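Coordinate analysis (summary)
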Amino acid sequence: MTAIPIERDTPLPRPRTRALWLILPAAALLTVFLLVPYLNIILISLRPTVSGAAWGEGYTLANYARVFGDDYFMGVLADTVWLGLKTTLICLVLGYPVAFHLARTTSRWKGLLYVFVLSPLLVGLVVRSFGWLILLSGNGVINQLLRDWGLIQMPIALMNNTLGVTIALVHVFLPFMILPLIGTIQSIDPNLALAARSLGANGRTVFRRVWLPLSWPGIQAGCILVFVLTLSAYVTPVMLGGPQVKTMSVLVVQALVDNFRWPLGAALALVLAGTGALAVWLFVRAGRPIMRGME
Amino acid sequence: MTLARWGASLFLWAVYAFLLAPIVLVVVLSLNAGELLAFPPQGLSLRWYGALFENEGFMRAMRTSLLVASFATTASLLIGTAAALFVVRHAGRQRERLRMLLMTPLMLPEILTAIALLFFLYATGIGTRTVTGLLIGHTLITLPYVFMNVAASLYNFDRSIEQAARSLGAGPLTVFRRITLPLIKPGLITGALFAFIISFDLFNLSLLLKGVGMTTLPLQLFDYLRWDFDPTAAAVSSVSVLMTLIVVLIIDRVVGLRSIRFG
Amino acid sequence: MTRLVIEGLVKRFGSVQALKSLNLDIAPGELISLLGPSGCGKTTTLRCVAGFEFADAGRVLFDDVDVSVQPPERRDIGMVFQNYALFPHMTVAQNLAFGLEMRRVGREGIAQRVRDALRMVQLDTMSDRFPRQLSGGQQQRVALARALVIEPKVLLLDEPLANLDATLREEMRFFIRDLQQRVGITTLYVTHDQSEAMVMSDRIVVMFDGQIAQMGRPEQIYAQPENRQVAQFIGRTQLIPGRVQARRSEQLIEFKSALGHITAPGAAQLGAGDAALLAIRPEAITLEATSADAASTPAGSWHACQVERTYFLGGTVDHVLTCSGGVSLIAQTAPAAALAPGRSGRLAIDPQQIWVLPEDRV
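Residues numbered from 1 in each chain as written. Chains lettered and ligands numbered in written order. Predicted model: local features only at pLDDT ≥ 70, side-chain atom pairs only at ≥ 80, totals over all residues.

**Section: the overall build of chain A**
Assigned secondary structure in chain A consists of 14 helices and zero strands. The order of α-helices and β-strands along chain A, N terminus first, is α-α-α-α-α-α-α-α-α-α-α-α-α-α. For a compact globule of 295 residues, the expected C-alpha radius of gyration is about 19 Å, and chain A comes in at 26 Å, more than 25% above that figure. Its C-alpha atoms give chain A principal-axis dimensions of about 100 × 70 × 35 Å. Across the 295 residues in chain A, those meeting the buried criterion constitute 43%. (Helix = DSSP H or I, 4+ residues; strand = E, 2+ residues; numbered from the N terminus. Rg over C-alpha atoms; globule rule 2.2 N^0.38 Å. Buried ≥ 20, exposed ≤ 12 C-beta atoms within 10 Å, placed from the backbone.)

**A word on the overall build of chain C**
A tally of helices and strands in chain C yields eight helices and 20 strands. If you line up chain C on its principal axes, its C-alpha atoms span 85 × 45 × 35 Å. Scored against the burial criterion, the 362 residues of chain C give a buried share of 42%. The long-range fraction of contacts in chain C, counting pairs at least 24 apart against all pairs at least 6 apart in sequence, stands at 66%. (Contact = placed C-beta atoms within 7 Å.)

**Thoughts on the sheet that holds strand β20 (residues 355-358) of chain C**
Residue and element names in this part refer to chain C. With antiparallel pairing, five strands are arranged side by side in an open sheet as β13-β12-β11-β14-β20. The strands lining the two open edges of the sheet, one partner per strand, are β13 (260-265) and β20. For this sheet, the mean angle separating the axes of adjacent strands, direction not counted, is 45°. Inspection of the sheet shows strand β14 (residues 275-280) paired to β20 by four bridges, in the antiparallel sense. Bridged to A276 within β20 is P358. (Pairing = 2+ DSSP bridges. Axes fitted to C-alpha atoms, helices over the stretch in contact; angles between N-to-C directions.)

**A few points about helix α2 (residues 92-102) of chain C**
Along an α-helix, residues three or four apart share an orientation, since each turn contains 3.6 residues. Every buried residue of α2 of chain C is listed here: V92, N95, L96, A97, F98, G99 and L100 of chain C. Buried-residue contacts for α2 of chain C involve α7 (159-167) of chain B together with α3 (107-120) and α4 (136-148) of chain C.

**Considering the interface of chain A and chain B**
Put simply, an interface is often sized by how much accessible area is lost when its parts join up. Contacts between chain A and chain B engage 59 residues on the former and 59 residues on the latter. Taken together, the residues of the side of chain A that touches chain B sort by class into 46 nonpolar, eleven polar and two charged. (Nonpolar A, V, L, I, M, F, W, Y, C, P; charged D, E, K, R; others polar.)

**Re the interface of chain C and chain B**
On the side of chain B, 15 residues touch chain C, which itself brings 17 residues to the contact. Those elements that provide at least two residues to the side of chain C that touches chain B are β6 (77-80) and α2 of chain C. Its residues placed into classes, the side of chain C that touches chain B shows eleven nonpolar, four polar and two charged.

**Looking at the domain arrangement of chain C**
Domain parsing of chain C yields domain 1 (4-223), domain 2 (236-280 + 354-358) and domain 3 (286-349). Centre-to-centre separation of domain 1 of chain C and domain 2 of chain C, based on C-alpha positions: 39 Å. (Domains from an automatic or database assignment.)

**Brief notes about the packing of helix α1 (residues 3-30) of chain B against helix α12 (residues 231-254) of chain B**
Residue and element names in this part refer to chain B. Taken N-terminus to C-terminus, the directions of α1 and α12 make an angle of 125°; their axes are 8 Å apart at the nearest point. Taken together, the axes of α1 and α12 are oblique relative to one another. As for how α1 packs across α12, the hand of that crossing is left-handed. When α1 is examined against α12, the residues I23, V26, V27, L29 and S30 are found in contact with a partner set consisting of P231, A234, A235, S237, S238 and V241. (Parallel < 35°, antiparallel > 145°, perpendicular 65-115°, else oblique. Left-handed = near helix turned anticlockwise from the far one by under 90°.)

**Re the nonpolar core**
One finds A99, F173, V252, L268 and A269 of chain A together with A83 and I115 of chain B to be the most contacted residues of the largest nonpolar core, which totals 161 residues. No other element matches the 15 residues that helix α7 (residues 162-186) of chain A contributes to this core. Contacts of A83 of chain B, omitting those with residues within four sequence positions, involve L22, I23 and A26 of chain A together with L102 and F147 of chain B. Counting residues in each nonpolar core, the second largest holds 103 residues, with L31, L155, I212 and A284 of chain C among its members. (Core = buried A, V, L, I, M, F, W, Y, C linked by C-beta atoms within 7 Å.)

**Describing the sheet that holds strand β16 (residues 302-312) of chain C**
Residues and elements named next belong to chain C. Read from one edge to the other, the open sheet built from five strands follows the order β15-β19-β16-β17-β18, with strand pairing classed as antiparallel. This sheet does not close on itself; its edge strands, each paired only once, are β15 (285-289) and β18 (328-333). Within the sheet, the average angular offset between the axes of one strand and its neighbour, ignoring direction, is 45°. The pairing of β16 with strand β19 (residues 344-349) spans five bridges and is classified as antiparallel. Bridged to C305 within β19 is G345.

**Section: the pairing of strand β8 (residues 186-191) of chain C**
Note on strand geometry: in a regular strand, side chains alternate between the two faces of the sheet. Residue and element names in this part refer to chain C. Where burial is concerned, most of β8 is hidden: six out of the six residues are buried. Burial along β8 is two-sided: T186, L188 and V190 facing one way and T187, Y189 and T191 facing the other are all buried. When strand β3 (residues 31-35) meets β8, the two strands line up parallel, connected through five bridges. Counted as the bridge partner of I32 is L188 from β8. In terms of strand pairing, strand β7 (residues 154-158) meets β8 through five bridges, oriented parallel.

**Comments concerning unusual backbone geometry**
Residues and elements named next belong to chain C. Although it is not a glycine, D64 adopts a positive phi angle of roughly 70°. Checked against the element boundaries, D64 lands in the loop between β4 (57-62) and β5 (65-66). Look at D76: it is not a glycine, yet its phi comes out positive at around 60°. For D76, the location among the structural elements is in the loop between β5 and β6.

**Quick notes on the confidence of the model for chain A**
Residue and element names in this part refer to chain A. Summing up the model confidence of chain A, the mean pLDDT is 82 and the portion of residues at 70 or higher is 93%. Here helix α14 (residues 288-291) is the element of chain A with the lowest mean pLDDT, 73, and helix α3 (residues 71-104) is the one with the highest, 92. Segment residues 1-14: pLDDT under 50, and 22 contacts once partners within four positions in sequence are set aside and those in other chains are kept. (pLDDT = per-residue confidence, 0-100.)

**A word on the confidence of the model for chain C**
Per-residue pLDDT for chain C has a mean of 89; in total, 96% of the residues score no lower than 70. For this predicted complex, the interface confidence score (ipTM) comes to 0.78, while the overall pTM stands at 0.76.

**With respect to the environment of A279 of chain C**
Residue and element names in this part refer to chain C. With respect to the helices, strands and loops of the structure, A279 is situated in strand β14. Judged by C-beta crowding, with 26 C-beta atoms within 10 Å, A279 ranks as buried. Between the C-alpha atoms of A279 and V356, which are 77 residues apart in sequence, the distance is 6.2 Å. The residues contacting A279, other than those within four sequence positions of it, are P225, A231, T237, L239, I354, W355 and L357.

**Some points on the environment of L329 of chain C**
Residue and element names in this part refer to chain C. Among the secondary structure elements, L329 is positioned in strand β18. Of the residues examined, L329 has 20 C-beta atoms within 10 Å and is grouped as buried. Spatially, the C-alpha atom of L329 lies 9.3 Å from that of L239, the residues being 90 residues apart in sequence. If we skip the residues at most four places from it in the chain, L329 touches Q238, I280, I285, L321 and C323.

Okay, structure coming up:
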């Protein structure tokens, strides 16, 4: 009953190769306008800085030497990283409870609360910084209220210092911490907590031994996101930091736009990015033992 | 309720208040009848919105922002949907790697991307005389948002529905038009709205890539605030807030806010 | 009424051989079941006929027309999916209309045919509902109507009843079979449920490991399995190893096993000396309590046995028995005639209801 298998003489249609057209525009966009410019910027950072032209002849490492050798630049870098760490930590402490609540609440206000969390994100950087300006400035809302209630005589400096910048940055980036966390917490099987309780664990232990470790992917994602974004924040430090507070991004823009020293600006920007990448890498490595349990 | 519970609730409400305070404040101030940005406002009035519409600088900036945002959204929709289709359905083992790649504009510091693009534009002679650089930059930044949301709705897509359509005689293009597209509409809409809002609000990128004589709304507002401190700025901000609110409401109606993806 | 022929179908997925040169000839109007465990290749075969997979070698022919390289939309098939695959964004009527629109039927024609199709599956009142408003059984009927309204050459069903609960499944079996016979459409039906296959099919194709193990009418496959795998897959059966003593006639074989000598129908290719298996289905065994005078062992076919355990199944009681020679058998009785564990009994095996089949060559 077995017939001889007949080999095909007409070729089969090949869907895989036709599908490649789908990715072509995105690939082209990213290669031409992201990859190439980034390579280009690395090249430019290796050009000598001159006045009167965008850059000079030949290649040199002088810009990097300048950046790493200058106390002022290194100081600003350290300040920026420190600011990033502070902001990230505060966002985590404030954001985790909110995320936990939002992920697991069944209240009918859930949608509204989501709007509350999302709104800073969507409303606009300048608008938000502006709002903080009004709140924190010398004759801003907070100071006025405190004075009206007789709690202070002179206005407190809530602005034009790192405090004001930190507060505003936390406000800007808090949603970026909350949203990934919500996703991760929602994906944790609630039966695990119930199982732990049935085995005798109390509320605090359940949180410490079940919820917290299992939220690690979300915590990691949120922290990385907030840290990286804080490092490169520009508008907020400028608007709320005044002339005293300088972050690396401010220096970069200064070098580029105000002083027209492109190679130096490029070097500064790349050092900033490199520092951020290094910090993230160390963070991920440190968290590896926890991640190994999942995925 | 126990004390701990009360404390926790208080904490949560404090954080929510923290998130909303500046925004609410700005809106309230824009309705101030008086001259200064004082709180509490001295009476309610819409005069500053009137002033806004007469301010030539702001109006022009608004038009530019709308133009750029519309272009970026459309471009991102087309490019991002195609990319999402490829990554979810045809990428095989490269899927995660491609996903990461498409998310890089989000991961890289915006200021760095802006600088890189700026240099590139000058190197290739495109320069910043035209709005081209701005359009490219905005498209680049909004692409990941569209991609993420469309990919999310494709991940959960039941392929057998498409197969059913083919078994009934529909060719691949018809299947896409009449079956796939309507069913991923939520992802498309969410992605598009996100792209629009993000582009409208972009600052760092616009700062570096704008040419002489052109400006976007955030930039204009920023400049304005350095010199003038009247409620016109608050009015501009409130318009932004209103736009956002409308967008969020639409998203909620169409898909529910829970389905918004953030990587 | 289309004749469906599958010639030498071969399909590989990476290093796995899903189909090893499959051949099938389905007469017009027949309902053929592809029956087998998961991974046997039945779904792959169906998908090759539908056009969702392209075979590495072999052909699929609808009425002598080679459709092997044609995409699904050009083969004129009707397919019912396991999860129904109804278009969620369209009403029932729109779902049904879709295939007709693809065939450029005019609006009048569509409305008429959709109405008739809905009446055929008894869902006339549901035409403006959306799939999510229907129950599982209703959705299944819509899927069926959608596949039939276009009057395709071949009807393909991929485990359509797997997601329904037991009672509904039984109802739907009859429903689908009736409909198929009334319409007279050539049908390929994939299932892993052997009772389903037996109820519905004109012929059953039992598949294992990418190959056809046996093909034939349900009664044939049930009563005369050709090898161990088929015997164990269909119905409940017990296999007693032994050896063929002699061939008594064209049908009858003399067989020796731990149960002694028995003469029974057997596979045609068996000859004296061959290793073989005796397939005994529970209904072939009659179990009785031994009467008080247990000494009277009746001649011939009665075997003495001891009841180890019993299981109450509602309409019957299963008895696990140990017989002479250490053979373990399962026999059924009505609850009223059940024996208690530990009792002695005797069983008779009906030689007409057993079958000798070849032992697998290892």
